[in-house]
Amino acid sequence: MSVNNVPSVRFEAEELHTVNSILVETFTKCDVLKSDLVQYSPNPKKDLLDLREKLVDLAEMQKDVAALITTIETVESEVQGTEDVLKKLNFNKVSKIFDKAYKSALKEQYTNEDVENMICAVDTFISNKNSDVNTGNEELVVTATKESYLDPLTKCPIKDPVKSKTCHHNFERNTILKYLQKNSRCPYSGCVKSLSREDLVEDLALKRKLLNMKQNPNK
């Protein structure tokens, strides 16, 4: 048995890279669509909610694709070796390597930051009952950037951020944990996703942003 006879998964990895590129392009088009809906849709709230749902699904798909790319590369590197090593491999062993690598890779994936900003912008527009439906996209994004750092329950600045793995909303850790003792849905206005303690993860990206804002208050 020769090392060269081991089937390569490089082609599959390249295909997934192509899928990821298509997703990135789709996100760009969604950002343009968001602006158009705000300005021209007769029912922007409904249309933006539909767009938000699709953005969340696409963001999850992108994380899965990225995890699969990493997994394939890991498996490819681990199954290649000497002839003696290859003789000991079988489907079950490769499957175990794949499952372990995939679980590890998936934990390291985070939602695309541009997508998070779009979702926050949509949430802010929907939750602001006094918003003018003709508000421009630039104002929408600026408002979202400011308000997305506030805890939805206390309306106070978030200091210890966590986020939902299902709807990607941000919360103050202690506040949302207390809220979940009696509730099981996301507290953001317009969000219908269920929420539990198990859905919460530390939001490292927001934590870095908050730290940067604290260190550079004038930026």
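Structure shown above.
First, a word on what this report is: a plain description of the structure on this page.

Reading the values: rules and limits
- Residues numbered from 1 in each chain as written.
- Predicted model: local features only at pLDDT ≥ 70, side-chain atom pairs only at ≥ 80, totals over all residues.
- Heavy atoms only, no water.
- Phe/Tyr/Trp six-rings, centres within 6.5 Å; stacked < 30°, edge-to-face > 60°.
- Helix = DSSP H or I, 4+ residues; strand = E, 2+ residues; numbered from the N terminus.
- Buried < 20%, exposed > 50% of the residue type's maximum accessible area, 1.4 Å probe, protein only.
- Core = buried A, V, L, I, M, F, W, Y, C linked by side-chain atoms within 4.5 Å.
- Pairing = 2+ DSSP bridges.
- Salt bridge = Lys/Arg side-chain N within 4 Å of Asp/Glu carboxyl O.

Within the structure shown, the criterion is met by two aromatic pairs. Between phenylalanine 98 and tyrosine 102 the ring centres are 6.4 Å apart and the planes differ by 10°, which places this aromatic pair in the stacked class. Highlighted residues: phenylalanine 98 and tyrosine 102, both in helix α4 (residues 91-107), separated by four residues, approximately one helical turn. Look at phenylalanine 98 and you get partly exposed, because its relative accessible area is 30%. Judged by relative accessible area, which is 22%, tyrosine 102 ranks as partly exposed. Judged by centre distance (5.8 Å) and plane angle (65°), the ring pair of phenylalanine 171 and tyrosine 188 falls under edge-to-face. Taken together, the residues span a long stretch of sequence, with phenylalanine 171 in strand β2 (residues 170-172) and tyrosine 188 in the loop between α7 (173-179) and β3 (200-202) at a distance of 17 residues.

Position of histidine 168 among the secondary structure elements: in the loop between β1 (161-164) and β2. For histidine 168, a relative accessible area of 4% corresponds to the buried category.

Our next topic: the nonpolar core. Among the nonpolar cores identified, the biggest contains 21 residues, and Phe27, Leu48, Leu51, Leu55, Val115 and Met118 are the most heavily contacted of them. At the level of elements, α1 (10-40), α2 (44-79) and α5 (113-127) are the ones that each hand at least two residues to this core. Here this core takes nine residues from α2, the largest share from any one element. Core analysis: the next-biggest nonpolar cluster, separate from the first, contains 11 residues, Leu180, Cys186, Leu195 and Leu200 among them.

This part is about the pairing of β1. Here β1 shows two buried faces, one formed by Pro161 and Lys163 and the other by Val162 and Ser164. Sheet topology note: the β1/β2 ladder contains three bridges and is antiparallel. Looking across to β2, one finds that valine 162 is bridged to phenylalanine 171. Between β1 and β2, which pair antiparallel in sequence order, lie five residues; one of them, histidine 168, sits at a positive phi of approximately 70°. Looking at chain direction, β1 and β3 are connected through three bridges and run antiparallel. Paired with lysine 163 across the two strands is valine 201, which belongs to β3.

Let us look at the pattern of salt bridges. Counted by the stated rule, this structure contains six salt bridges. Linking aspartate 50 and lysine 46 is a salt bridge whose minimum nitrogen-to-oxygen distance equals 3.4 Å. Taken as a pair, aspartate 50 and lysine 46 lie in helix α2 at a separation of four residues, close to a single helical turn. By relative accessible area, lysine 46 is classed as partly exposed at 47%. It is possible to trace a salt-bridge network through shared partners that takes in Asp160, Arg173, Glu202 and Lys207.

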